[in-house]
Amino acid sequence: MQANTTIIVRPWNAATVILRTTIMSLIIITGYAFTTFNTRDVDFWAGVDMLGSNFSALLLTPYLKNITFDVMIRNLFITIGLGFLTTIFGAAIALGLALLAAQNLAPRWLTVIIKGLTAFVRAVPTVLWVLIFAVSAGLGSVAAVLGMTFHSAGYLIKAYAESFEEIDNGTIEALKASGANWWQIVFQAVLPSSATALLSWTFLRFEINFSTAIAMGAAAGAGGIGYDMFMASGFYLNLHEMGAFTYAVLAFAVVLEAGATRYKASLRK
Amino acid sequence: MPLLHIAKLSKRYGTDKYALDSIDFTVATGEFVAIIGPSGAGKSTLLRCINHMIPMTSGDVLIADASTKSMNATQLRAHRTQIGMIFQHYNLVNRLSVIENVLHGRLGYKSTAAGVMGWYSNAEKQQAVEILQNLGLSDHMYKRCDQLSGGQKQRVGIARALIQNPKLLLCDEPIASLDPSAAKIIMDTLKDINQRLGITIIVNLHQVDVAMRYAQRIIGINSGKIVCDAAPHSLTPDIIHEVYGSEAGELILDFGEQHAHA
Ligand SMILES: Nc1ncnc2c1ncn2[C@@H]1O[C@H](COP(=O)(O)OP(=O)(O)O)[C@@H](O)[C@H]1O
Ligand SMILES: [Mg+2]
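Since this is a predicted model, take the numbers as computed values, not measurements.

Some words on a nonpolar patch on the surface
Here comes step 1: A cluster of nonpolar side chains, Leu 51, Phe 55, Leu 59, Leu 60, Tyr 247, Leu 250 and Val 254 of chain A, forms an exposed patch at the surface whose accessible area comes to about 700 Å².
Here comes step 2: Elements supplying a minimum of two residues to the nonpolar patch: helix H2 (44-59) and helix H10 (239-268) of chain A.

Shown next, in the form of structure tokens:
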């Protein structure tokens, strides 16, 4: 019937134009970059070869030289402690404020104010918050704790509030209709219904805070295994020692992941 | 003395047309009233105005001749504790056990702290167990609610309402999500509660035949107005037609069958 008309499956509209322009620009920029790298006359294959030997030094022959195993483990726990503490502080602050940021629990004007403020806190990167707090607290662990707590709270307020908003409004309605007040509804319906979601977000934030804590050890002088890594790479230029630290961090990450998975499964039962 | 008097109740959402338009009726203690009408007629709105889950625009709801129009927070709570509510989607806290959900019905009577901590007296726990036994749920007391069937969940919803020791039970389409046999159990349960405990029941229903079988009185609503208020046996196809408007065709078939069975 319509043999002569072309059927357009994906019509041109603003969205497709923007998408295609973006992809084309990325391709052109990538091509341009590769043809104009300043290689300082280093041979490409020699570079690949060196990368390989560096990685094998790092990953295949790890050993400790400048610090003992005990000290490394102690410093790993300092880093874990920094990540843990800032997550707990952030979670405690977030739990209270998220109740006031959830649209099904608080008046709209209040949720808008709190969500706006936390969006600002999150927009500034963690490292920057640490540096901002370093102005008054001095560079070190105090600034790291304050800055990381601040950003964690901003992140978790949003995550928790969205978890609260996702729960079935019917249960809130039912308890309200039976005469329960706000606090009773929060503790008897909202928190039990969102417990696993809150826990998932908190674990995720702990993972983020753990890796941030490594970086802060080096960048903000907060100590821990991050500082050891900074010394091994920048001061002793020892890739083998760096490898040992990498494995220590990796081991903890695996333990954390396994623990989190198990704990969540047990909650779900 | 009437238990409930709805006096010229109107409700308007924003600037839409009136969802309830000057509704006026009285319910005596112990009545079993069904409210029927097409979807969007205003049935849910009406029930939620009675327990002030939705603020009314004008008119009044009187309980035992006492106005409920302007209540402070304490009075509102006291008002709601006297009225149990049952929902189409049960509205239980799925992660909690059956008995915890039933005990939620006591929250309105408790201090904030006791409610927050979930401290219930032995008498309250005892009552919860008895109600669950009467509803045939004693085997499921410690199960999580998400492990129950729809019919069982609705019985938990009824138990939660009963433990309030309510004078009035509002049921918003309690059987709309259930299969016929579970629906029958729920309707029989409501009938039993009405007759044995003398609790007044107002139930929103979609199915005319169910309303005719169980209710003593049927109020038909269309576009926020009462179009009929009568005993089931005095309903005629013409009246049903007026309640349901153009949707009525197939309903009249049900209606004919109902009379054939009766
Ligand atoms: N929260 C709301 N906001 C705006 N309009 C609503 C709201 N709830 C219900 N309505 C409108 O009010 C009318 C009655 O709705 P409802 O009481 O739910 O009817 P029923 O329960 O009989 O299906 C409908 O027109 C519906 O669209
Ligand atoms: Mg409805």
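Re the site of ligand 1
Residues and elements named next belong to chain B.
Here comes step 1: As a matter of local geometry, ligand 1 sits amid Tyr 13, Asp 16, Ala 19, Pro 38, Ser 39, Gly 40, Ala 41, Gly 42, Lys 43, Ser 44 and Thr 45.
Here comes step 2: Gly 40 has a polar backbone atom sitting 2.6 Å from an oxygen atom of ligand 1.
Here comes step 3: Alone, ligand 1 offers 560 Å² of accessible surface; in the complex the protein occludes 57% of this.
Here comes step 4: Here the element with the most residues in the shell around ligand 1 is helix H1 (residues 43-50); it accounts for 3 residues.
Here comes step 5: Tallied by class, residues from the shell around ligand 1 come to 4 nonpolar, 5 polar and 2 charged.

Remarks on the interface of chain B and chain A
Interface size, as often reported, equals the accessible area lost upon joining of the parts.
Here comes step 1: Between chain B and chain A, the contact holds 28 residues from the first and 23 residues from the second.
Here comes step 2: Both sides together, the interface formed by chain B and chain A hides about 2,000 Å², and carbon and sulfur atoms give 55% of it.
Here comes step 3: Linking chain B to chain A there are 1 salt bridge.
Here comes step 4: Of the charged contacts, one joins Arg 48 of chain B and Glu 173 of chain A as a salt bridge, the two residues approaching to 2.5 Å between their closest N and O atoms.
Here comes step 5: At the junction of chain B and chain A, the tally comes to 13 residue pairs in polar contact (both at pLDDT 80 or more).
Here comes step 6: Of all the secondary-structure elements, those providing two or more residues to the side of chain B that touches chain A are helix H2 (73-81), strand S6 (83-86) and helix H4 (112-117) of chain B.
Here comes step 7: Residue contributions to the side of chain B that touches chain A peak at 4 residues, all from H4 of chain B.
Here comes step 8: Across the side of chain B that touches chain A, the residue classes tally to 11 nonpolar, 10 polar and 7 charged.

Each value, and the rule that gives it
- Residues numbered from 1 in each chain as written.
- Chains lettered and ligands numbered in written order.
- Predicted model: local features only at pLDDT ≥ 70, side-chain atom pairs only at ≥ 80, totals over all residues.
- Heavy atoms only, no water.
- Patch = residues over 30% accessible without salt bridge, like charges linked within 9 Å, V, L, I, M, F, W, Y side chains within 5 Å.
- Areas by Shrake-Rupley, 256 points an atom, 1.4 Å probe, with all protein chains shown as cover.
- Salt bridge = Lys/Arg side-chain N within 4 Å of Asp/Glu carboxyl O.
- Helix = DSSP H or I, 4+ residues; strand = E, 2+ residues; numbered from the N terminus.
- Near = heavy atom within 4 Å.
- Polar contact = N/O pair within 3.5 Å; in protein donor to acceptor, adjacent residues only side chain to side chain.
- Nonpolar A, V, L, I, M, F, W, Y, C, P; charged D, E, K, R; others polar.
- Contact = heavy atoms within 4.5 Å.
- Buried area = accessible area lost by both parts, 1.4 Å probe.

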